[in-house]
Amino acid sequence: MKKNIFKKIISIVAVGVFAAMTIVGCGSGASSSSSGGGGGKVLFIITDLNDTFRKTLADAVVSQASAQGVSLDMVETGGVLDTEIELISTAKSKGYSAIICRPADNATALQLNVLAGDLPMIYLNNQPSDEHLTADKYIFVGSDEYTVGVYQAEYVIKKLGTKSMNVIIFEGERGHSATIGRTASVKDTLRANGIDANYVFVDYANWSDTEAAEKFGIFLKTGQTVDAVFCNNDTMALGAIQAMKDNGLDYTKIPVCGVDATADGCASIAAGEMAFTVLQNAEGQAAKAVEAAKVMGSGGSISSIEGASDDLKYIWVDFEPVDASNVSKYQ
């Protein structure tokens, strides 16, 4: 537990400091609520909509709330912990029956749970550690991030047909559960398949195409070669491909792998550029998160929801591999 953060939380709760917040609708900059069906009132907290997947996920949560008869308020915090603290600590008094939260820092989950009290917390898109989850109370809805690297590595192994390769990995946000799981599983899968992987460049590009392109340029200055590029999301993969184009590298012979199966990512695959991606099903995650908020908010159990784990701490939504052979299905 981060003691300094915990002390800060207690202090803020005790004195009732109000953190500035803006309730925004999906893309409208205005309050967004959809009522009906007695589905309860849900607070949806998200850091920002600057990332392609987060924007898609937020849109899907709002849409699913409407479809499932849930009244939902979405708040974009800008990744400010104080704002998350204020929102969660006052949620019950404002009549919310459950909270869906994409935390800025998953390491603060224990403290956020303390603030939520008996209000159910559904974490989304940034997975807390298992010890900070509680059956039917504080849960995570998402996809098993470890699967991503397995799919990526298996594709590259088959594509290159070699036991030795120079590898670049562009990682997402430092400390993010997806960054950790996706990167670890690439390395583990290559090793498990007897691949002699030489990691010529591994660095954070923070989900950004611009950062990925800049750092690919830094890699080129080392004078090394690369056989495969693994990226924690599609946006970074597209940045890597642009850098390869700018520097005359043949991306058709150097497979670049992404994650999310975004519209741009799928278009790149269809154009013969990006080699591979993995669909992270934003609509599926949103549907399960809203359903969990509705069920838990009324005192029920997620055991009735498809994809719920046996320990009732998780609801899993499968990843799906995408390449040139099936990309049309995802466009």
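The sections below set out a description of the structure shown in this document. (Residues numbered from 1 in each chain as written. Predicted model: local features only at pLDDT ≥ 70, side-chain atom pairs only at ≥ 80, totals over all residues. Heavy atoms only, no water.)

### Looking at the packing of helix α7 (residues 209-220) against helix α8 (residues 234-246)
Thinking step 1. Closest axis-to-axis distance for the α7/α8 pair is 7 Å, and the angle between their directions is 40°. One finds that α7 runs oblique with respect to α8. Regarding α7 and α8, the two cross each other, and that crossing is right-handed. In this structure, α7 contributes D209, A212, A213 and F216 to the contact, and α8 contributes T235, M236, G239, A240, A243 and M244.
Thinking step 2. When the residues that make up the contact of α7 with α8 are grouped by side-chain class, the tally is seven nonpolar, two polar and one charged. (Axes fitted to C-alpha atoms, helices over the stretch in contact; angles between N-to-C directions. Helix = DSSP H or I, 4+ residues; strand = E, 2+ residues; numbered from the N terminus. Parallel < 35°, antiparallel > 145°, perpendicular 65-115°, else oblique. Left-handed = near helix turned anticlockwise from the far one by under 90°. Contact = heavy atoms within 4.5 Å. Nonpolar A, V, L, I, M, F, W, Y, C, P; charged D, E, K, R; others polar.)

### Description of the sheet that holds strand β10 (residues 256-257)
Thinking step 1. The strand order across the open sheet built from four strands is β8-β7-β9-β10, with neighbouring strands paired in parallel fashion. Two strands close off the open sheet at either side, each with one partner strand: β8 (196-204) and β10.
Thinking step 2. Strand direction decides the pairing type here: strand β9 (residues 228-231) and β10, joined by two bridges, are parallel. Bridge pairing in β10 links V229 to V256. (Pairing = 2+ DSSP bridges.)

### Here we look at the packing of aromatic side chains
Thinking step 1. Under the defined criterion, the tally for this structure stands at six aromatic pairs.
Thinking step 2. For the ring pair Y155 and F276, a centre distance of 4.7 Å and an interplane angle of 20° mean the geometry is stacked. Here F276 lies in the loop between α9 (263-270) and β11 (277-279) and Y155 lies in helix α5 (residues 145-160), a separation of 121 residues in the sequence.
Thinking step 3. An aromatic cluster is defined as three or more aromatic residues linked by ring pairs; in this entry it consists of F170, F201, F216 and F219.
Thinking step 4. The ring of Y96 carries the charged tip of K41 above its face, separated from the ring centre by 4.7 Å.
Thinking step 5. When the ring centre of Y199 is taken as reference, the NZ or CZ atom of K187 above it lies at 5.3 Å. (Phe/Tyr/Trp six-rings, centres within 6.5 Å; stacked < 30°, edge-to-face > 60°. Lys NZ or Arg CZ within 6 Å of the ring centre and 35° of its normal.)

### Quick notes on the side chain of N126
Thinking step 1. Of note, N126 is situated in the loop between β5 (121-124) and β6 (138-142).
Thinking step 2. Looking at N126, its side chain comes within polar contact range of the main-chain nitrogen of S177, at 3.5 Å.
Thinking step 3. Residue contacts for N126: discarding those within four places in its chain leaves R102, P103, A104, D105, N106, F140, H176 and S177. (Polar contact = N/O pair within 3.5 Å; in protein donor to acceptor, adjacent residues only side chain to side chain.)

### Focus: α8
Thinking step 1. Compared with the 18 Å implied by 1.5 Å per residue over 13 residues, the 18 Å span of α8 between its first and last C-alpha is a close match.
Thinking step 2. A positive backbone phi angle near 75° is found at G248, which sits one or two residues after α8. (Expected span 1.5 Å × (residues − 1).)

### With respect to the pattern of salt bridges
Oppositely charged side chains may form a pair once their charged atoms are brought near each other.
Thinking step 1. Evaluated as defined, the whole model comprises nine salt bridges.
Thinking step 2. K92 serves as the salt-bridge partner of D118, at 2.9 Å between the closest nitrogen and oxygen. Of the two residues, D118 sits in the loop between α4 (109-116) and β5 while K92 sits in the loop between α3 (81-90) and β4 (98-101), which places them 26 residues apart along the sequence.
Thinking step 3. Between E273 and K245 there is a salt bridge; the shortest N-O distance is 2.8 Å. Residue E273 is located in the loop between α9 and β11, and its partner K245 is located in helix α8; the two are separated by 28 residues in the primary sequence.
Thinking step 4. Of the residues examined, K245 reaches a relative accessible area of 34% and is grouped as partly exposed. (Salt bridge = Lys/Arg side-chain N within 4 Å of Asp/Glu carboxyl O. Buried < 20%, exposed > 50% of the residue type's maximum accessible area, 1.4 Å probe, protein only.)

### A short note on the layout of surface pockets
Gaps left between atoms show up when a probe the size of a water molecule is rolled over them.
Thinking step 1. Reported here for the largest pocket is a volume of approximately 180 Å³.
Thinking step 2. Lining of the largest pocket is provided by 13 residues; of these, T56, D260, L279, Q280 and A282 occupy positions nearest its centre.
Thinking step 3. Of all elements in the fold, only α2 (52-67) and α10 (282-297) reach the threshold of two or more residues within the lining of the largest pocket.
Thinking step 4. A total of four residues in the lining of the largest pocket trace back to one element, the largest contributor, which is α2.
Thinking step 5. In terms of residue class, the lining of the largest pocket is built from six nonpolar, five polar and two charged. (1 Å grid on protein atoms, 1.4 Å probe; cavity = no way out; pocket = protein on both sides within 12 Å on 5 of 7 lines; lining within 4 Å. Points joined across faces, edges and corners; volume = space filled by probe spheres on them.)

### Brief notes about the nonpolar core
Thinking step 1. The biggest cluster of nonpolar side chains holds 32 residues, and the ones touching the most others in it are F44, I100 and I122.
Thinking step 2. Per-element tally for this core: the top contributor is α10, with eight residues.
Thinking step 3. Filtering out sequence-adjacent residues up to four positions away, I100 remains in contact with V42, L43, F44, I45, V61, I122, L124, A289, V290 and A293. (Core = buried A, V, L, I, M, F, W, Y, C linked by side-chain atoms within 4.5 Å.)

### Section: helix α6 (residues 177-192)
Thinking step 1. Here α6 spans 22 Å end to end across 16 residues, near enough to the 22 Å set by a 1.5 Å rise per residue.
Thinking step 2. Buried residues along α6 sit against α5, β7 (164-171), β8 and β9.
Thinking step 3. Of the residues flanking the end of α6, it is G194, one or two places downstream, whose phi is positive at about 70°.

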